[in-house]
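Structural overview for review
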Amino acid sequence: MSSHADLLRVVLARSPIVATIVDRWPEIGLPDCWLVAGCLAQTVWNDAFGLPATHGISDIDLVYFDAADLSEKTEADHSDRIRTLFADLGLWVDVKNEARVHLWYAAKFGNALTPYVSTEDAITTFPTTATAVGVQPRTEMLHVFSPYGLSDLLDLIVRPNKKQITQPIYDAKVKKWLTRWPGLRVVSWDEPHG
């Protein structure tokens, strides 16, 4: 996996979006914070398909874990501060405290959620294997967390992670992504994992 992680680091370093986030990481200042999901996968897809670095990327997902403060207001304050920090990128920045997701998940998606115990725990439930990835700048290098490996991401495969999502959510994501990256190889919901 280290060779896959090294390749991912090289691709992400070429992205002006990711490079800006990494450069300003100390200013984010959130506990157990990770850059995750779509922005990472879409950066890899753009690189692989020879598309502009920002093609199809509509937002940046930053997730953190603060079980000591589950207030919606604190999360909103962090979101406002961080959106200001990255306003020059021209992208929506979604900031979520994964410690409080269980408080609103059922109302939004219709099923209850067991509270997460860490940001990494949350990443294991992200909707596809290619987007269940997080990176976190550390002193020595960009740390990569990918509970399902990086093969699907680097091989441009979209496969459902059925740990939490439903088929309609997966199908909607796939439909949207195929309009922007038609070369992706999509594994259908019903296809066995293997």
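Just above, that's the structure.
Just so we're clear, the structure is a prediction, and the values are computed from it rather than from any experiment. (Residues numbered from 1 in each chain as written. Predicted model: local features only at pLDDT ≥ 70, side-chain atom pairs only at ≥ 80, totals over all residues. Heavy atoms only, no water.)

1. Things to note about the sheet that holds strand E5 (residues 142-145)
Put simply, the test is: Each pair of strands is called paired provided DSSP finds at least two bridges between the two strands. Only runs of H or I of at least four residues qualify as helices and only runs of E of at least two qualify as strands under DSSP, and these elements are numbered from the N terminus. Here the axes come from fitting lines to C-alpha atoms, over the contacting stretch only for helices, and the angles between their N-to-C directions go from 0 to 180 degrees. Contacts between residues were defined by any pair of non-hydrogen atoms, one from each residue, lying within 4.5 Å.
With mixed pairing, the 5 strands of this open sheet are ordered in space as E3-E2-E1-E4-E5. One side of each edge strand has no neighbouring strand; the edge strands of this open sheet are strand E3 (92-97) and E5. Pairs of neighbouring strands in the sheet enclose a mean axial angle of 30°, with direction left out of account. With 4 bridges connecting them, strand E4 (residues 134-137) and E5 associate as antiparallel partners. Counted as the bridge partner of Gly134 is Phe145 from E5. Most of the contacts of helix H5 (residues 72-85) go to E3, to which it runs at about 150°, and overall it touches strand E2 (59-64) and E3.

2. Considering the packing of aromatic side chains
Geometry of an aromatic ring pair is reported as the spacing of the ring centres plus the angle between the planes. To keep things clear, this is the line we draw: Aromatic rings from Phe, Tyr and Trp, taking only the six-membered ring of Trp, are treated as a pair when their centres fall within 6.5 Å; an angle between ring planes under 30 degrees marks them as stacked, one over 60 as edge-to-face, and anything in between as tilted. Buried means the residue's accessible area, taken with a 1.4 Å probe over protein chains only, is under 20% of the maximum for its type, while exposed means over 50%, and partly exposed covers the values in between. Criterion for a charge above a ring: Arg CZ or Lys NZ at most 6 Å from the ring centre, at most 35 degrees from the ring normal.
Applying the stated criterion to the full structure yields 5 aromatic pairs. Plain terms: the ring middles of Trp45 and Trp177 are 5.2 Å apart, the flat faces sit at 70° to each other, and that makes the pair edge-to-face. Residue Trp45 is found in helix H4 (residues 38-49), and its partner Trp177 is found in helix H9 (residues 167-180); the two are separated by 132 residues along the sequence. In this pair, the class of Trp45 matches that of Trp177, namely buried. Ring geometry for Trp104 versus Tyr105: centroids 6.3 Å apart, planes at 40°, classification tilted. Trp104 sits in the partly exposed class, given a relative accessible area of 23%. Its relative accessible area of 5% is what places Tyr105 among the buried residues. Site record: aromatic cluster; members linked through ring pairs are Trp45, Trp177 and Trp181. One residue, Lys162, lies across the ring of Trp189, its end atom 4.9 Å from the ring centre.

3. Points about the side chain of Asn97
Convention followed: For this analysis, a polar contact is any N or O atom pair within 3.5 Å, provided that within protein one partner can donate a hydrogen and the other can accept it, and provided that sequence-adjacent residues contribute only side-chain to side-chain pairs.
Tracing the sequence through the fold places Asn97 in strand E3. Judged by its relative accessible area of 0%, Asn97 falls in the buried class. At 2.9 Å, the side chain of Asn97 and the backbone nitrogen of Asp66 are in polar contact. At a separation of 3.2 Å, a polar atom in the side chain of Asn97 contacts the main-chain carbonyl oxygen of Asp69. Discounting residues that sit within four places of it in the chain, Asn97 has contacts with Tyr64, Phe65, Asp66, Asp69, Leu70 and Glu75.

4. Digging into the pattern of salt bridges
To keep it simple, the criterion reads: Any Lys or Arg side-chain nitrogen found within 4 Å of a carboxyl oxygen on Asp or Glu counts as a salt bridge.
Under the counting rule described, the total for this entry stands at 8 salt bridges. Across the pair Asp88 and Arg24 runs a salt bridge, and its minimum N-O distance is 2.8 Å. Highlighted residues: Asp88 in the loop between H5 and E3 and Arg24 in the loop between helix H2 (16-23) and helix H3 (25-28), separated in sequence by 64 residues. The class for Asp88 is exposed, based on a relative accessible area of 54%. On the basis of relative accessibility, which here comes to 21%, the residue Arg24 falls in the partly exposed class. Arg83 serves as the salt-bridge partner of Asp80, at 3.7 Å between the closest nitrogen and oxygen. A residue pair is termed a helical-turn pair when its members lie 3 or 4 positions apart in one helix, as Asp80 and Arg83 do in helix H5 at 3 residues. Owing to a relative accessible area of 45%, Asp80 belongs among the partly exposed residues under this scheme.

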